[in-house]
Amino acid sequence: MTETALRELICTLAKSMFDRGLTGGSTGNISARTEDGGLLVSPTGTSFGRLDPARLSRFSASGQLMSGDAPTKEMPLHAAFYETRSTAGAVVHLHSCHSVAWSMMPEVDADNFLPPLTPYAIMKLGRVQLLPFFRPGDPAMGEAVRSLAGKRSAVMLANHGPVVAGKDVEAACNAIEELEDTARLAMMMRGYKARMLTEAQISDLVTHFDVEWED
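The numbers attached to residues start from 1 for each chain and follow its sequence in the written order. Residues qualify for local features only when their pLDDT is at least 70, as the model is predicted, and side-chain atom pairs are given and counted only at 80 or more; totals for whole chains, interfaces and linings, by contrast, use all residues. To obtain the side-chain values, all non-hydrogen atoms of the structure were used and water was disregarded.

> Whenever I open this one, the pairing of strand β7 (residues 154-157) confuses me. Can you help?
Side chains of β7 alternate between two faces, with Ala154 and Met156 and Val155 and Leu157 buried alike. Where strand β6 (residues 129-131) meets β7, three bridges bridge the pair, whose relative direction is parallel. Bridging from a neighbouring strand, Gln129 pairs with Val155 of β7. The parallel pair β6 and β7 is bridged by helix α5 (residues 140-146), and the resulting crossover is right-handed. Relative accessible area decides the class of each residue, using a 1.4 Å probe on protein chains only: under 20% of the type maximum gives buried, over 50% gives exposed, and in between gives partly exposed. Working definition: helices are DSSP H or I runs of at least four residues, strands are E runs of at least two. Numbering for both runs from the N terminus. Strand pairing requires that DSSP identify at least two bridges connecting the strands. By the criterion used throughout, a crossover qualifies as right-handed when its path from the first strand across the helix to the second strand runs clockwise, the strands pointing away from the viewer.

Next up, the structure:
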């Protein structure tokens, strides 16, 4: 994909998520690898609904800001995923309401944030790690991601929002939407005796779709 097309795609996908209420105001950030190994990143303080392709922060393969506006303050998060997951071609971070709400619930399993309600979150995300609360922009968030040694494609920042890495920007956006949908289902079913997927069903999904499923 040409850089011009990638710039347009980033902005199109970001606006789609904004328009559907997956992140609001000037929240959220997104990045994607360019063909030369560099990065395109949403600038700091910008809205997903009004990203300008020409003003995206452009980094070289060595990590130097080459053009565009100043990048998001959450760059440590993005960098940590790219450094620890060789397959990462894009990273998306949202402030989506249902996943944030689910992160506050006392019964949530930090090592497996999403309950097994449908096959799709398992297929697209594997296990999602719940990380503790950090001040927005705190470099410690990046260190927390690095401590996972590349074993998770998605994390949930408690009281803050999800972060997902994918093989490309469309895959990352699809996966983070699945995370939010599953968290919404979890909140809807809270207090009910919902029929979860069984261990056998989960194992079959993991095997059939070659899912990363680290304990």
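> Help me out: how do you make sense of the nonpolar core in this one?
Across soluble globular proteins, you tend to see nonpolar side chains buried next to one another. For this analysis, a nonpolar core means a set of buried residues of the types Ala, Val, Leu, Ile, Met, Phe, Trp, Tyr and Cys, connected via side-chain atoms within 4.5 Å. Residues Phe113, Leu125 and Val169 are the most contacted members of the largest nonpolar core, which totals 40 residues. For this core, the secondary-structure elements that each account for two or more residues are α1 (3-19), β1 (29-33), β5 (90-93), α3 (97-103), α4 (119-125), β7 and α6 (169-189). Counting residues per element, this core draws most heavily on α6, which supplies eight residues. Here, two residues are considered to be in contact whenever any of their heavy atoms come within 4.5 Å of each other. Beyond its immediate sequence surroundings of up to four residues, Val169 is in contact with Leu6, Leu9, Ile10, Leu13, Ile30, Ala32 and Ala90. Judged by nonpolar contacts, the second largest core, of 20 residues, contains Phe59, Met141, Val145 and Val163.

> How do you make sense of the sheet that holds strand β3 (residues 57-59) when you look at a structure like this?
Hydrogen bonding along the main chain pairs the strands of a sheet, whether they run parallel or antiparallel. Spatial ordering of the open sheet is given by β4-β3-β2-β1-β5-β8-β7-β6, a layout of eight strands whose pairing is mixed. The open sheet is flanked by β4 (65-67) and β6, the only strands paired with a single partner. Along the sheet, successive strands turn relative to each other by an average axial angle of 20°, direction set aside. Bridge count between β7 and strand β8 (residues 161-166): four bridges; the pairing is antiparallel. Looking at the pairing, Leu157 lines up with Gly161 of β8. Here α6 sits on the sheet in contact with β1, β5, β7 and β8, set at roughly 145° to β8. The convention used is that axes are lines fitted to C-alpha atoms, helices contributing only their stretch in contact, and that angles between N-to-C directions extend from 0 to 180 degrees.

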